[in-house]
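# Survey of secondary and tertiary structure
The residues making up each chain are set out below.
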Amino acid sequence: MADYYDKAIKALQLNGKGERTQQCYARAVRMLCEFYDKTPDRISEEELQEYFLHRKNVSKWSPNTMRICYCGIRFFYVNVLKHDWHIFNILRAQTERRLPCVLSKEEVHSILGHVKTFHNYTFLTTVYSCGLRLSEALNLQVSDIDGRRRMVHVHHGKGAKDRYVPLPMATLSLLRRHWCTHKNPLLIFPALGRNGKSASSAQTPMAKASVQGAFRQAKSEAGINKRRVSIHTLRHSYATHLLEAGVNLRVIQRYMGHAQLETTMVYLHLTRKGEEEAYSIIDRVMKGFDDEN
């Protein structure tokens, strides 16, 4: 199986897929092989069909999970094993249109106020105030911070796209204070190590699990009971709060790194500001009609 894994990763890299996509696609093939307990070249088209139906109807995988499953396995069989099977022409995952959960500004401040350690507080504040993805924030480097222009250069965002996002003055000051606690020449958020004293020479960023755990604990202590609230919710909240403050949707699209405006437009469904203004305008335009009868 290791040989097939290596072939899959090489094909994905040649196709220009990002590291996260490579991992997801390779995992989809690995789970298929574990299900049948045999190598992928020995799995028939009929078995593949039964596997997809099992995951959909028995495992009850979500449409998004099924989409990754379909795409990963299709890519492997078409590009690595060179199988031109009919089933790959009919695979379609149902489109899932769930609105993301967002937090109010008060809820964000409440969660951040319950974060125990300064490095986790700085990290989560940076994620929110710059609208970053978890991996983008973890991999921030000292050279990415342009203090004079108050901008953050985000490297290799989703789809391997770079972008610049505004850096609030308060966040810049916070990052400077945080950096002075470790003075790592490369990383903004270096791994602390077991003794907490190796951050200055660390070559890797903080562990994803540690900041996720800190966020969950702070959310619980803040009494936030909304469903599907994670660190990524801070990013959704950032975009929604900018929209409510009157920032142009196209500008928010650029800050978020969205390739399509339609992706950014989902935040229109998460705020009532425009709707309340519309009600006021409609009332003003229609005023007087009730007097005509």
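Criteria and cut-off values
- Residues numbered from 1 in each chain as written.
- Predicted model: local features only at pLDDT ≥ 70, side-chain atom pairs only at ≥ 80, totals over all residues.
- Heavy atoms only, no water.
- Core = buried A, V, L, I, M, F, W, Y, C linked by side-chain atoms within 4.5 Å.
- Buried < 20%, exposed > 50% of the residue type's maximum accessible area, 1.4 Å probe, protein only.
- Helix = DSSP H or I, 4+ residues; strand = E, 2+ residues; numbered from the N terminus.
- Contact = heavy atoms within 4.5 Å.
- Axes fitted to C-alpha atoms, helices over the stretch in contact; angles between N-to-C directions.
- Parallel < 35°, antiparallel > 145°, perpendicular 65-115°, else oblique.
- Polar contact = N/O pair within 3.5 Å; in protein donor to acceptor, adjacent residues only side chain to side chain.
- Expected span 1.5 Å × (residues − 1).
- Phe/Tyr/Trp six-rings, centres within 6.5 Å; stacked < 30°, edge-to-face > 60°.
- Lys NZ or Arg CZ within 6 Å of the ring centre and 35° of its normal.

## A few points about the nonpolar core
Residues Phe-123, Leu-124 and Leu-234 are the most contacted members of the largest nonpolar core, which totals 45 residues. Looking at this core, the elements with two or more residues in it are helix 6 (105-113), helix 7 (118-130), helix 8 (134-138), strand 2 (151-154), helix 9 (169-179), helix 10 (208-221), helix 11 (231-244) and helix 12 (249-256). No other element matches helix 11, which puts six residues into this core. If sequence neighbours within four positions are ignored, Leu-234 has contacts with Leu-103, Val-108, Leu-124, Val-127, Tyr-128 and Phe-215.

## Digging into the packing of helix 2 (residues 19-36) against helix 3 (residues 45-57)
As a packed pair, helix 2 and helix 3 sit with axes 11 Å apart at the nearest point and diverge in direction by 105°. On the basis of the axis angle, helix 2 is roughly perpendicular to helix 3. In this structure, helix 2 uses Ala-28, Met-31, Leu-32, Phe-35 and Tyr-36 to contact helix 3, whose residues at the interface are Glu-47, Leu-48, Glu-50, Tyr-51, His-54 and Arg-55.

## A short note on unusual backbone geometry
Backbone geometry places Arg-150, a non-glycine residue, at a positive phi of 55°. Looking at the secondary structure, you find Arg-150 in the loop between strand 1 (145-146) and strand 2. What makes Arg-150 partly exposed here is its relative accessible area of 39%.

## Details of the side chain of Asn-184
The residue Asn-184 is located in the loop between helix 9 and helix 10 in this model. Polar side-chain contacts of Asn-184 include one of 2.9 Å to the backbone nitrogen of Leu-187. Aside from chain neighbours lying at most four places away, what touches Asn-184 is Val-142, Trp-179, Pro-190, Ala-199, Ser-200, Ser-201 and Ala-202.

## Description of helix 3
Within an α-helix, residues lying three or four positions from one another point in the same direction, as the helix has 3.6 residues per turn. A rise of 1.5 Å per residue sets the reference length of helix 3, with its 13 residues, at 18 Å; its end C-alpha atoms lie 18 Å apart and thus fit the reference within 8%. Structurally, helix 3 contributes buried residues whose contacts are with helix 2, helix 4 (63-79) and helix 5 (87-90).

## Brief notes about the packing of aromatic side chains
Following the criterion strictly, the structure yields 10 aromatic pairs and no others. Pairing Tyr-25 with Phe-75 gives two aromatic rings, centres 6.3 Å apart and planes at 55°, and the pair type is tilted. Here Tyr-25, found in helix 2, pairs with Phe-75, found in helix 4; they are 50 residues apart in sequence, far enough to count as distant. A centroid spacing of 6.1 Å and a plane angle of 10° characterise the contact between Trp-85 and Phe-88, whose relative ring orientation is stacked. Classification of Phe-88 as buried rests on a relative accessible area of 6%. Taking the ring centre of Tyr-164 as reference, the NZ or CZ of Arg-149 above it sits at 5.3 Å.

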